[in-house]
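Listed below, chain by chain, are the residues.
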Amino acid sequence: MTTSATSGTGPADPAGPTENSLRRALKRARDGVALDVSEAAVLLQARGEHLDALTASAARVRDAGLEAAGRPGVITYSKSVFVPLTRLCRDKCHYCTFVTVPGKLRRAGHGIFMSPDEVLDIARKGAALGCKEALITLGDKPEDRWPEAREWLDAHGYDDTIAYVRAISVRILEETGLLPHLNPGVLSWTDFQRLKPVAPSMGMMLETTATRLWSEPGGPHHGSPDKEPAVRLRVLEDAGRSSVPFTSGLLIGIGETYEERAESLFALRKVSRAYHGIQELIIQNFRAKPDTAMRGMPDAELDELVATVAVARHIMGPSACLQAPPNLVDAEYERLIGAGIDDWGGVSPLTIDHVNPERPWPQIEELAAKSRAVGFELRERLCVYPEFVRRGEPWLDPRLRPHVAALADPATGLALPDAPVVGRPWQEPDEAFTASGRTDLHTAIDTEGRTSDRREDFDEVYGDWAALREAAAPGMAPERIDTDVLAALATAADDPTRLTDDEALALLHADGPALDALCKVADDVRKSAVGDDVTYIVTRNINFTNVCYTGCRFCAFAQRRTDADAYTLSLDQVADRAEQAWEVGAVEVCMQGGIHPDLPGTAYFDIARAVKARVPGMHVHAFSPMEVVNGATRTGMSIREWLSAAKEAGLDSVPGTAAEILDDEVRWILTKGKLPAATWIEVIETAHELGLRSSSTMMYGHVDQPRHWLGHLRTLAGIQQRTGGFTEFVTLPFIHTNAPVYLAGIARPGPTVRDNRAVTAMARLLLHPHIPNIQTSWVKLGTEGAAEMLRSGANDLGGTLMEETISRMAGSSYGSYKSVKDLIAVADAAGRPAKPRTTLYGPVPEERQRAARDSDGHLPQLLPVLD
């Protein structure tokens, strides 16, 4: 392989950094001034007295952080066992001896995967020695490369390797009491949701952001799909979005330049600042191993490691936790402590380091003595760092809290050294559906309002606002549109299915007379497609809880369980509200809620059954794709299995909410932890395949631009062409007033009237003829606004709602209930007749229409429903 002249493992750069550049960079570091990449690259080359000065200032930064954290003079480690669950991998890293092939495993008498008995034997022996961490390490997706791995998983009843990792983690928790720390390689967002309930922490080394080391033949990561830097950075971001305490770090000396090493550190800092989820950074030095392609590469020298640790400390800051593996430095521990580390990582009294088997762990007593010699007390921690133990939700799943609490010192978050390590049940919290909190919020929101304009953890739960502003800026830049609007209007009038993207984008920007003409074209298409009837549905919204820790930055509905406006309904209260709705003519209940950490994945089935048991004829339109994924991952079921079970429990159709904008560029600004666009599409298409139809939606007017609307509408049209499962498209203008992303000064204050007309009109044209029903939202636009949308291509007014908390918590001022007469009046204002419908746009039975007429306008007296 090739190495750069500025690499720590290549030949020395004859020029190197100048004395002046070193002194200048050292002074900036010493003075606490933020370094840039070029300055960091200079400091990585510090040697001799310059390195001494660099480490001294890094140590001062570390000491300030330990003081602030309440553990001055403490260096930590985790007492662990190393479980190599499988040594098969689809990657081919040129320095790795951990990974092997099926034939070698068989010849050595090993299985393709470790059996549960083998894993539990190690874990039990570790527990008997006082270990508290089970470090589960394995290769990336071995079943994608090795048929033997696929056959083993199939034979043992696992869909994939992640399913086995989840299952063995539960057994470790229940049968031994050790806490799993998972290193399964590259994970998707959905994988994180599957594994978070079974492991307090996870990890994956970034290693390097130098793409050439992956892309160029001869590079250490060439031929390894999971070592692409962009992929690994995405994993770090998904961990942060999922509120998973995550370990990462660098592998230095594999051919990267000093600039590339510095860039890697800054990439880690960026992720850390954005999500506050990187619990630990490992700086690991390359050690050449026999029988590998890189056996002839020189080891990373100790000065390289010491300089990198010191620079990492300056870049990551005092609150970061930095680790260097003690078994890779030939007992020169004091130099690493002097460079700014505060942790030794996992040290096992039982198992070897299977990644570096030639490098035995030091004895814990030796590590304590060496640390004490330079003024540090060695203290044991858990696999999850003290900060995250103390943070609690949303970083620790409720099913893990008892396991962590049994081993953690509540005052410090460190390990209780003498705590008994015994198995404990891994189970859902009890009393999931106990009514609590402000259960009258559905009515009080219209009379008393919300307690405050934001939840109490506003500054923490959404990530770093400054980093978010920086990320949002490029996507909010308007584009210049040169396409002829008149020509685009002509195409739309002739045949909207022939609109090109350029023409559609031009029309989405239309204003003035061009916008009027666009809305007229859309209204004509509406008339030819669905006629003049303005449809509506007698329905009731039931938001069964607003407790949620997902961190959607546009959502003013979500609350912590301890917030003044938080509430959760009991199953009886949900059923009571459905029964009330039936008595006044409803044909549907629409049920959605926050992602409450205490609700088990089967809770959604209980909700559907409760409604069907009380009101068998009620259509249950419920559970957004985010709730579907939450239910599936909590139960360990696939999305298809979970939706099938929900359908059996009484689910009739699915709301296509949680879509926002189906472009991850926008989604990751709007939300910290909600599902990616691809997963939303997977849920919706799976529902359609199972016969569960859905609505489709788009929330717009925040950090988006018309190009994002176009992409979203094209995506929906494509899904509909494949499945035919959408019943309607619902426009959802962003309500800004109490939205966190607006309060933080990032989003704009909702869409303009022009935006609303253009989106409605273009939805009609771009979804034609695939999705015939276009719904406007009276709760977000009011009566006059909804009537205007009916003149711009919409044909549906949605429902009576009866209660509506989500938009009202965000600041909508149009109430929570419209009577049938009110909805008919909106249609009258648009000059059109009104007609009731069912969820699937069928005719409403006469008995239901009569019940609605008889009670119309009297509904508010039936509320609230309280114990």
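Since we're looking at a predicted model, the values are computed, not measured.

1. Details of the overall build of the chain
Within the chain one finds 35 helices and 21 strands. Computed over C-alpha atoms, the radius of gyration of the chain comes to 29 Å, within 12% of the 29 Å expected from 2.2 N^0.38 for 867 residues, which places it in the range of a compact globule. The principal-axis extents of the C-alpha atoms in the chain amount to approximately 85 × 60 × 55 Å. Relative to its 867 residues, the chain shows a buried fraction of 63%. When contacts within the chain are restricted to residue pairs at least 6 apart in sequence, long-range pairs at least 24 apart make up 78% of them. Of the side chains in the chain, 93 bear a positive and 119 a negative charge, and the two mean positions are spaced by 1 Å.

2. Let's talk about the packing of helix α26 (residues 639-649) against helix α28 (residues 677-689)
Viewed as axis vectors pointing N to C, α26 and α28 meet at an angle of 50°, and their least axial separation amounts to 10 Å. In this view, α26 runs oblique relative to α28, as classed from their interaxial angle. You can see that α26 and α28 cross each other, and the crossing is right-handed. For the pair α26 and α28, contact is made by I639, R640 and L643 and by E682, V683, T686, A687 and E689, respectively. The class makeup of the residues in the contact of α26 with α28 is four nonpolar, one polar and three charged.

3. Describing the domain arrangement of the chain
As far as domains go, the chain holds domain 1 (58-406) and domain 2 (532-855). Computed over C-alpha atoms, the centres of domain 1 and domain 2 are 41 Å apart. The interface of domain 1 with domain 2 comprises 17 residues on the first partner and 18 residues on the second. Across the interface of domain 1 and domain 2, roughly 1400 Å² is buried in total on both sides, 52% from carbon and sulfur atoms. The largest share of the area that domain 1 buries against domain 2 comes from W189, R241 and E393, three residues that together contribute 43% of it. In this structure, R401 engages D598 in a salt bridge whose closest nitrogen and oxygen atoms are separated by 3.7 Å. Where domain 1 packs against domain 2, one counts seven residue pairs in polar contact (both at pLDDT 80 or more). Counting only elements with at least two residues in the side of domain 1 that touches domain 2, the list comes to α8 (189-195) and α10 (229-241). For the side of domain 1 that touches domain 2, the element with the highest residue contribution is α8, accounting for four residues. A breakdown of the residues in the side of domain 1 that touches domain 2 according to their chemical character gives five nonpolar, four polar and eight charged.

4. Some words on the UniProt feature "domain: Radical SAM core" (unreviewed entry) in the chain
In the numbering adopted here, UniProt assigns the feature "domain: Radical SAM core" (unreviewed entry) to residues 75-325 and 534-769. Helix makes up 40% of residues 75-325 and strand 17%. Its end C-alpha atoms lie 13 Å apart. Between the C-alpha atoms that bound residues 534-769 there is a distance of 18 Å. The span itself is 44% helix and 16% strand.

5. Some thoughts on the packing of aromatic side chains
Applying the stated criterion across every chain yields a total of 15 aromatic pairs. Consider the rings of F192 and F246, whose centres lie 5.9 Å apart with planes at 70°: the pair is edge-to-face. Residue F192 is located in helix α8, and its partner F246 is located in strand β5 (residues 246-252); the two are separated by 54 residues in the primary sequence. The two residues F192 and F246 agree in class, both being buried.

6. Description of the side chain of D397
Residue position: D397 is located in the loop between α15 (386-391) and α16 (401-405). A polar side-chain atom of D397 sits 3.4 Å from a polar atom in the side chain of R634. Contacts of D397, omitting those with residues within four sequence positions, involve K196, P197 and R634.

7. Looking at the pairing of β5
Each regular strand shows side chains that alternate between the opposite faces of the sheet. The buried count for β5 comes to seven of seven residues, which makes it a mostly enclosed element. Alternating positions in β5 separate into two faces, F246, S248, L250 and I252 on one and T247, G249 and L251 on the other, with burial throughout. Relative to strand β6 (residues 278-285), β5 is paired through seven bridges, and the arrangement is parallel. For F246, the partnering residue across the bridge sits in β6 and is I278. Following the backbone out of β5, through helix α11 (residues 258-275) and into the adjacent parallel β6, one traces a crossover that is right-handed.

8. Comments concerning the pattern of salt bridges
Tallying each qualifying case throughout the model produces 54 salt bridges. Salt-bridge contacts for E175 lead to R171; the nearest nitrogen and oxygen are separated by 2.7 Å. Placement of both E175 and R171 in helix α7 (residues 161-175) is noted, with a separation of four residues, approximately one turn of the helix. A relative accessible area of 32% places E175 in the partly exposed class.

9. Observations concerning the environment of T97
By the secondary structure assignment, T97 is in the loop between β1 (74-86) and α4 (102-107). Sequence separation between T97 and M202 is 105 residues; the distance between their C-alpha atoms is 22 Å. Excluding its chain neighbours within four sequence positions, the residues that come into contact with T97 are R87, K289, P290, T292, V355 and P357.

10. Regarding the nonpolar core
In terms of nonpolar packing, the biggest core is built from 128 residues, with M591 and W680 touching the most fellow members. Excluding its chain neighbours within four sequence positions, the residues that come into contact with M591 are I542, F544, V574, I607, V611, V620, H621, A622 and F623. In this structure, I278, V309, A368 and F388 belong to the second largest nonpolar core, which totals 125 residues.

11. Brief notes about helix α31 (residues 753-766)
Here α31 contains 14 residues, and its C-alpha end-to-end distance of 20 Å stays within 8% of the 20 Å for a straight helix at 1.5 Å per residue. Counting buried positions along α31 gives 13 out of 14 residues, so the element sits mostly inside the fold.

12. Quick notes on the pairing of strand β17 (residues 693-700)
Of all eight residues in β17, seven are buried, a share of seventy percent or more. Strand direction decides the pairing type here: β17 and strand β18 (residues 726-733), joined by six bridges, are parallel. Opposite M699, over in β18, you have L732 as the bridge partner. Remark: the β17/helix α29 (residues 706-723)/β18 crossover connection has right-handed handedness.

13. A closer look at the confidence of the model for the chain
Per-residue pLDDT for the chain has a mean of 90; in total, 91% of the residues score no lower than 70. Scored below 50 in pLDDT, residues 1-13 shows 36 contacts in the model against residues more than four places distant or in partner chains. A low-confidence stretch, residues 860-867 (pLDDT under 50), is modelled with 21 contacts involving residues beyond four sequence positions or located in other chains.

14. Thoughts on unusual backbone geometry
For the bond running from E393 to P394, omega is 0°, close enough to zero to count as cis. Position of P394 relative to the elements: it lies in the loop between α15 and α16. Here the residue pair H768 and P769 is connected by a cis peptide bond, since its omega of 0° sits within 30 degrees of zero. Tracing the sequence through the fold places P769 in the loop between α31 and β19 (774-775).

15. Considering the state of the cysteines
Evaluated as defined, the whole model comprises zero disulfides. Free cysteine: C93, not disulfide-bonded; nearest cysteine sulfur from C96 at 6.1 Å. The structure places no disulfide on C131, whose sulfur is separated from the nearest cysteine sulfur, that of C383, by 12 Å. A relative accessible area of 0% places C131 in the buried class.

Calculation criteria
Residues numbered from 1 in each chain as written. Predicted model: local features only at pLDDT ≥ 70, side-chain atom pairs only at ≥ 80, totals over all residues. Heavy atoms only, no water. Helix = DSSP H or I, 4+ residues; strand = E, 2+ residues; numbered from the N terminus. Rg over C-alpha atoms; globule rule 2.2 N^0.38 Å. Buried < 20%, exposed > 50% of the residue type's maximum accessible area, 1.4 Å probe, protein only. Contact = heavy atoms within 4.5 Å. Lys, Arg positive; Asp, Glu negative; His and termini not counted. Charge placed at Lys NZ, Arg CZ, Asp CG, Glu CD. Axes fitted to C-alpha atoms, helices over the stretch in contact; angles between N-to-C directions. Parallel < 35°, antiparallel > 145°, perpendicular 65-115°, else oblique. Left-handed = near helix turned anticlockwise from the far one by under 90°. Nonpolar A, V, L, I, M, F, W, Y, C, P; charged D, E, K, R; others polar. Domains from an automatic or database assignment. Buried area = accessible area lost by both parts, 1.4 Å probe. Salt bridge = Lys/Arg side-chain N within 4 Å of Asp/Glu carboxyl O. Polar contact = N/O pair within 3.5 Å; in protein donor to acceptor, adjacent residues only side chain to side chain. UniProt positions renumbered as here; feature names shortened; annotations may be inferred. Phe/Tyr/Trp six-rings, centres within 6.5 Å; stacked < 30°, edge-to-face > 60°. Pairing = 2+ DSSP bridges. Right-handed = clockwise from strand over helix to strand, strands pointing away. Core = buried A, V, L, I, M, F, W, Y, C linked by side-chain atoms within 4.5 Å. Expected span 1.5 Å × (residues − 1). pLDDT = per-residue confidence, 0-100. Disulfide = S-S within 2.5 Å.

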